[in-house]
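This is what each chain is made of:
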Amino acid sequence: MLVRESLQVYFIMGSNNCRGEPLQVVEQALKGGITMFQFREKGSGAKTGKEKHSLAIKLKQLCNHYGVPFIVNDDVDLAVDIGADGVHVGQDDEPLASVKQRCPKSFIIGVSATNSTEAVQAFQAGADYIGAGPVFPTSTKQDAKLPIGLAGLEEINRLTGETPVTAIGGIHTDNAADAIKAGADGVSVISAISQAESPQQAAQLLNKLTAKKR
Ligand code: TZP
Ligand code: MG
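Residues numbered from 1 in each chain as written. Chains lettered and ligands numbered in written order. Predicted model: local features only at pLDDT ≥ 70, side-chain atom pairs only at ≥ 80, totals over all residues. Heavy atoms only, no water.

(A) Local environment of the pairing of strand 1 (residues 9-13). Counting buried residues in strand 1 gives five out of five residues, a clear majority hidden from the surface. Residues V9, F11 and M13 of strand 1 are buried on one face, and the alternating residues Y10 and I12, pointing to the opposite face, are buried as well. Pairing geometry for strand 1 and strand 8 (residues 186-189), over three bridges, is parallel. In the sheet register, F11 faces strand 8, and the bridge partner there is V189. Bridge analysis of strand 1 against strand 2 (residues 36-39) gives four bridges, and the strand direction is parallel. Bridge pairing links I12 to Q38 in strand 2. (Buried < 20%, exposed > 50% of the residue type's maximum accessible area, 1.4 Å probe, protein only. Helix = DSSP H or I, 4+ residues; strand = E, 2+ residues; numbered from the N terminus. Pairing = 2+ DSSP bridges.)

Right under this line is the structure:
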């Protein structure tokens, strides 16, 4: 599947983001129709070392079973080691050129951009997709930059040519469709699914709200 299509409902999660058991939450999200998954194990209480490695492998197997790409946040070594489908890096992580050198050609490599300058840099450096945001206020990421709003998202879309863009930050079922209208290829969410009463239903609804006539 093309990266653009896989971005439709991009669920991002670490063990400290969910109410229930991580494997169960991700399986429900997969059943509901997420189209990409990112393992983002960071922040207080996050697993490290062997525990992180072992959870990553289990989640990767689960995603493989549902045919959904499994992306690792930040940790290029882990992504390569376990044969993930890709890796996602932020502005303060390893530079894209070096990440590309260390990863298989088939890897999907995503880059975060918090403004249009960063987005254009990521586009020029050959990112496979750009995570643009935060679009709306979020309490999930403590050090998140100021929200760029739908206007900021539109601008990033306009300046980054054919590079697929996913909207991130404060995206829920009430504003997911607006992000698509602003030109995003899909939405990236943590709490909208991980904290939902039913992660499966939340994923299902997000899938409906972001479906485009392709
Ligand atoms: N990057 C920008 S905002 C954000 C990340 C990882 C957090 C998104 O979490 P939520 O709960 O979907 O607002
Ligand atoms: Mg990062």
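Now that the structure has been shown, we can carry on.
(B) Structural context of helix 7 (residues 149-159). Residues of helix 7 that are buried: G152, L153, I156 and N157. With its buried residues spanning 140° around the axis, helix 7 presents them on a single face. Opposite the buried face of helix 7, by more than 90 degrees, sit the exposed residues A151 and R158. Elements in contact with the buried residues of helix 7: helix 6 (116-124), strand 6 (129-132), strand 7 (165-168) and helix 8 (176-181). Immediately downstream of helix 7, the backbone of G161 shows phi near 50°, a positive value. (Arc of directions from axis to C-beta. Contact = heavy atoms within 4.5 Å.)

(C) Representation of the packing of helix 6 against helix 7. One can describe the packing of helix 6 onto helix 7 by two numbers: an axis separation of 9 Å at closest approach and a directional angle of 25°. In terms of axis orientation, helix 6 runs roughly parallel to helix 7. Considering the relative orientation of helix 6 and helix 7, their crossing is right-handed. When helix 6 is examined against helix 7, the residues S116, A119, V120 and F123 are found in contact with a partner set consisting of E155, I156 and L159. (Axes fitted to C-alpha atoms, helices over the stretch in contact; angles between N-to-C directions. Parallel < 35°, antiparallel > 145°, perpendicular 65-115°, else oblique. Left-handed = near helix turned anticlockwise from the far one by under 90°.)

(D) Looking closely at the site of ligand 1. Near ligand 1, the surroundings consist of R40, T138, T140, K141, I168, G169, G170, V189, I190 and S191. Cavity membership is defined here by more than half of the atoms lying within 2 Å of grid points; on that basis ligand 1 lies in the largest pocket. Tallied by class, the residues present in the shell around ligand 1 amount to three nonpolar, five polar and two charged. (Near = heavy atom within 4 Å. 1 Å grid on protein atoms, 1.4 Å probe; cavity = no way out; pocket = protein on both sides within 12 Å on 5 of 7 lines; lining within 4 Å. Sits in = over half its atoms within 2 Å of the grid points. Nonpolar A, V, L, I, M, F, W, Y, C, P; charged D, E, K, R; others polar.)

(E) Looking closely at the coordination of the magnesium ion (ligand 2). In the first shell of the magnesium ion (ligand 2), the protein supplies D74 (OD) and D93 (OD), at 2.0 to 2.2 Å from the metal. With D74 in the loop between strand 3 (70-73) and helix 4 (76-82) and D93 in the loop between strand 4 (86-89) and helix 5 (96-102), this pair connects stretches of sequence that are 19 residues apart. (Donors = N, O, S within 2.8 Å, 3.2 Å for Na, K, Ca; no water.)

(F) Quick peek at the pattern of salt bridges. Summed over the entire model, instances satisfying the criterion amount to ten salt bridges. D75 is paired through a salt bridge with K52; the nearest N and O atoms lie 2.9 Å apart. Residue D75 is found in the loop between strand 3 and helix 4, and its partner K52 is found in helix 3 (residues 49-65); the two are separated by 23 residues along the sequence. Residue class for D75 comes out partly exposed when judged on its relative accessible area of 23%. Take K52: its relative accessible area is 16%, and that puts it in the buried class. R102 is paired through a salt bridge with E94; the nearest N and O atoms lie 2.6 Å apart. (Salt bridge = Lys/Arg side-chain N within 4 Å of Asp/Glu carboxyl O.)

(G) Here's a closer look at the UniProt feature "binding site: Mg(2+)" (unreviewed entry) in the chain. The feature "binding site: Mg(2+)" (unreviewed entry), as given by UniProt, occupies D74 and D93 in the numbering adopted here. In terms of the greatest pairwise C-alpha distance, the residues named above, spread along 20 residues, form a tight cluster of at most 6.6 Å across. Cross-referencing the annotated residues with the largest pocket identifies D74 and D93 as lining it. What makes D74 partly exposed here is its relative accessible area of 26%. If we skip the residues at most four places from it in the chain, D74 touches K42, H88, G90 and D93. At 3.0 Å, the side chain of D74 and the side chain of K42 are in polar contact. In this structure D93 comes out as partly exposed when scored by relative accessible area, which is 27%. In this structure the side chain of D93 is engaged in a polar contact, spanning 2.6 Å, whose partner is the backbone nitrogen of G90. (UniProt positions renumbered as here; feature names shortened; annotations may be inferred. Polar contact = N/O pair within 3.5 Å; in protein donor to acceptor, adjacent residues only side chain to side chain.)

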